[in-house]
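# Structural overview for review
Here is what each chain is made of, one letter per residue.
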Amino acid sequence: MKKYIFLLLLLLTWTANNVSAISQTDSLKNLLTNELDDKEKIDIYIKLAIVYANTNPDSANFYINKSFEINKDNKIEDIDIYWNLSKYYGDINNSDSCLEYLIIAKNMAKKMKNIEKEILINTALVYQYSENAEYEQSFTLLLDNEKIINESGITKYKTRNYLMLGFCYREYKNIDKAFEYFEKATKTDKDEDVLDDKATAYNELGNLENTKGNHQQAIIYQTLALKIREENNKYVQLMFSYNDIATTYQALLQYDKALEYLNKSLIMSKKYNHLQVAFANYINIASIYMDKKNYYTAKIYIDSSYFIATNIQSKKLYEDLYNGYYLFYKEQNIYDKALEYHELSKLYADSIRNEESDANINKLQIQYESLKKDKEIITANEKLKQKNIIIYTTSIATAIVLFLLIFLYKLFKDKKNALEMLKIQNIEISQKNEEILTQSEEIFIQQKEILNKNQKIQEQNADLEQKNKHITDSILYAKRIQSAVLPTETDINSVFQKYFVFFRPRDIVSGDFYWVRHFKNLKIIAAADCTGHGVPGAFMSMLAIALMNEIVRKEEVIAANEVLEQLRIYIKKSLQQTGKYNESKDGMDIAICVIKDEIYLQFAGANNSAIIVRKQELIELKADKQPVGIYINEKPFTATNFELQTKDQLYLFSDGFRDQFGGENGEKYKFKRFKNLLLQINTIPIDNQKDIIEAELFKWQNTNKFFEQLDDILIIGIEF
């Protein structure tokens, strides 16, 4: 399979540092308490939006709107404001808005003659154009940068520019030129500020050696890059090195080594939310499993890359995705499918690289190389041009004066004739106006009535919009409260080391919830589905969380079935349920596990079972057929004891996933298909299973037509 080499411009211009997000947020919010002018407030609001972009989209949107409220119509002239706005939209993958604000920032930098900012903004524009496969635009900007750097004497950006020119030449298959510029990037002045760029250059030299079949030489270059990044703790950049060195080990048929590096890269790409790198990881992992003739696992990883490509909507990703499917089906001699995907891949490739664009790129390079010679010719011809301009200007001015005199004379005669005609027409118009005036009075009365009605409708609409906004704002605030009572990633990490939580509410707030506690030598985890979804379900979930905290912490009830018994008593008491005909029947379905010493598991469930997968064997721990709450045929909850083994995988879930409509026939996913899915992904690391499940849900909802999410969805997976 063709090795997917990720376009590293992302690393060069948009490096995110999520590790310090909390301290950044606190310090920025503290600054808002000071007396600030509009520019300072906007700057802080945008920086807060950038910090929240990938962790809390609601908060990010709130702060970006606050900045727009102050800076209406882009009235404030400050390069950094628009530079930071472009970063924010880049982080949320909104390419159009990112480009819009970069262009505003660039024009402002030119106007203010801020050369350094212009170079940096050009570099960011190169990344955006490259992401959209507009390589001709990228090439032009890089040549502009090289000219600016040489003329201004600002050499600290030379390494970066060489590096990016190397990328452009590589995209156009000019391997020799790409090698030349990558090598130039490694030989600039020794400076700590450009170590990242030099590491990237070494890495790309290794990738080019791979294309020539020199895999041992490739390892030497890639190891140099890896060493620089590890010594300088460049965690984000390391994921690129891991991905690329893995492709080299695959070429050397060292598959286990390649998978080891790819899994390292995948973990980091998910941690830092680099979707393009995750895409490359999935494609390359699929390639290795195809080499090993394990087509089933290869298909899982290609499908996961499909989910990312549809999210990002990048032509380059679609080209590589469909090429992956083409090779997958070709390897298995499924030629009709292979041909279909080959044509799709070629379609995207042709739209990215066409002959006209190639010719324009070569033309631009020739123009740049002859720039110095042209400069001398321009200087020599400048004086001659000035003389010619004076002659031409005088001649044109004389012609214009003559033309104006003739035109004014003709205009005077036409105006005189028109005045006579106008007098006659005015008499006729006056007679008609009297008739029209009578009709207009009637129309005016009708229009006034219509305007009054329209005004009332507009007032009603405005009132409805205001009420709707208040309701939505209240629900969004409720979501923040609900999120605060759910376990954080830190809470779960303190209890379990290998796990995932796939939690997708149908509405803003959810009736599903999960609960985790570490109590003495016990680990307790629960997944619940409260009656309803949205606001009613959210109220029930928050009540249930509070009650479970009360039962376990204060009353120290630790037997799984006893927790459910006590929870039922509290729910019935809180909702005043006595069994009367017309009273509330609200409650919940729940699965709870109590784990002692990492070996002994006790399970109890109300309508929700649990599943353990052990070495391709699926074991279902069945629940009692009754909810937690009032029920016509209440029985004591029972407990199931189970002895765990190393590598066992435990799954707790609500019914949202299996009840989702979709597929070719618009049917429910169903429990049987869900259990088969858990068996199929058993060999994949637990950290990666969430992505596979998310991709499967996306495919199920979008097979023939789009099916709306029916219910809240919750799936928890834990490996022991």
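Everything here concerns the structure above.
Per chain, residues are indexed from 1 in the order of the written sequence. Predicted model: local features are reported for residues with pLDDT of at least 70 only, side-chain atom pairs are reported and counted for 80 or more only, and whole-chain, interface and lining totals are derived from all residues. The basis for every side-chain value is the complete set of non-hydrogen atoms in the structure, without hydrogens or water.

## Observations concerning the pairing of strand E7 (residues 617-621)
Only strands that DSSP links by at least two bridges are regarded as paired with each other. Numbering of helices and strands runs from the N terminus; a helix is a DSSP stretch of H or I covering at least four residues, while a strand is a stretch of E covering at least two. Two elements, strand E6 (residues 610-614) and E7, share five bridges in a ladder whose sense is antiparallel. Residue Val-613 lies in a different strand from E7, and its bridge partner there is Leu-618. In sequence, E6 turns back onto E7 through a hairpin of two residues, with Lys-615 there showing a positive phi of about 50 degrees.

## Quick notes on the environment of Asn-549
Along the chain, Asn-549 turns up in helix H22 (residues 534-554). With a relative accessible area of 16%, Asn-549 lands in the buried category. A contact between two residues is defined here by any heavy atoms of the two lying within 4.5 Å. Residues in contact with Asn-549, not counting those within four places in the same chain, are Trp-515, Arg-517 and Lys-554. Whenever a nitrogen or oxygen atom comes within 3.5 Å of another N or O atom, the pair is scored as a polar contact, on the condition that within protein one atom can donate a hydrogen and the other can accept it, and that pairs from neighbouring residues in sequence are kept only if both atoms are in side chains. Side-chain polar atoms of Asn-549 contact the side chain of Trp-515, separated by 2.9 Å. When a residue's accessible area, from a 1.4 Å probe over protein chains only, is under 20% of the maximum for its type it is buried; when over 50% it is exposed; and in between it is partly exposed.

## Notes on unusual backbone geometry
Positive phi outside glycine occurs at Asn-273, with the angle close to 60 degrees. One can find Asn-273 in the loop between helix H14 (255-271) and helix H15 (275-291). Look at Asn-273 and you get partly exposed, because its relative accessible area is 34%. For Gln-616, which is not glycine, the phi dihedral falls at a positive 65 degrees. Considering the arrangement of structural elements, one finds Gln-616 in the loop between E6 and E7. On the accessibility criterion, Gln-616 (45% relative accessible area) is partly exposed.

## As for the packing of aromatic side chains
Two aromatic rings are characterised by how far apart their centres lie and by the angle between their planes. Each pair of aromatic rings taken from Phe, Tyr and Trp, with Trp reduced to its six-membered ring, is defined by centres within 6.5 Å and is described as stacked if the planes are under 30 degrees apart, edge-to-face if over 60, and tilted in the remaining cases. Within this structure, the stated rule accounts for 32 aromatic pairs. Pairing Phe-503 with Tyr-514 gives two aromatic rings, centres 5.6 Å apart and planes at 80 degrees, and the pair type is edge-to-face. One end of the pair, Phe-503, is in strand E1 (residues 499-504); the other, Tyr-514, is in strand E2 (residues 512-519), and 11 residues separate them in sequence. For Lys-212, the ring lying beneath its charged end belongs to Phe-179, and the centroid distance is 4.4 Å. A positively charged side chain is recorded as over a ring if its NZ (Lys) or CZ (Arg) lies within 6 Å of the ring centre. The angle to the ring normal must also be within 35 degrees.

## Details of the packing of helix H3 (residues 38-52) against helix H5 (residues 79-91)
Two numbers describe how H3 lies on H5: the axes approach to 9 Å, and their chain directions differ by 15 degrees. What the angle tells us is that H3 and H5 run roughly parallel. Seen along the crossing, H3 lies across H5 with a hand that is left-handed. On the side of H3, the interface is formed by Lys-39, Ile-42, Asp-43, Ile-46, Lys-47, Ala-49 and Ile-50, while H5 contributes Ile-81, Asn-84, Leu-85, Lys-87, Tyr-88 and Asp-91. Here an angle of 0 to 180 degrees is reported between the N-to-C directions of two axes, which are lines fitted to C-alpha atoms, with helices fitted over the stretch in contact. Working rule for angles: under 35 degrees goes down as roughly parallel, over 145 as roughly antiparallel, 65 to 115 as roughly perpendicular, anything else as oblique. Working rule for handedness: look at the near helix, and if it is turned counterclockwise from the far one by less than a right angle, call the crossing left-handed; if clockwise, right-handed.

## Observations regarding the pairing of strand E5 (residues 600-606)
In terms of residue burial, E5 counts as a mostly covered element, since five of its seven residues are buried. With six bridges connecting them, strand E4 (residues 587-596) and E5 associate as antiparallel partners. Bridge assignment links Lys-596 to a residue of E5, and that residue is Tyr-600. From the end of E4 to the start of E5, which pair antiparallel, there are three residues, and Asp-597 there has a positive phi angle of about 55 degrees. The sheet contact formed by E5 and strand E9 (residues 640-643) spans four bridges and is antiparallel. Across the sheet, Tyr-600 pairs through a bridge with Glu-643, a residue of E9.

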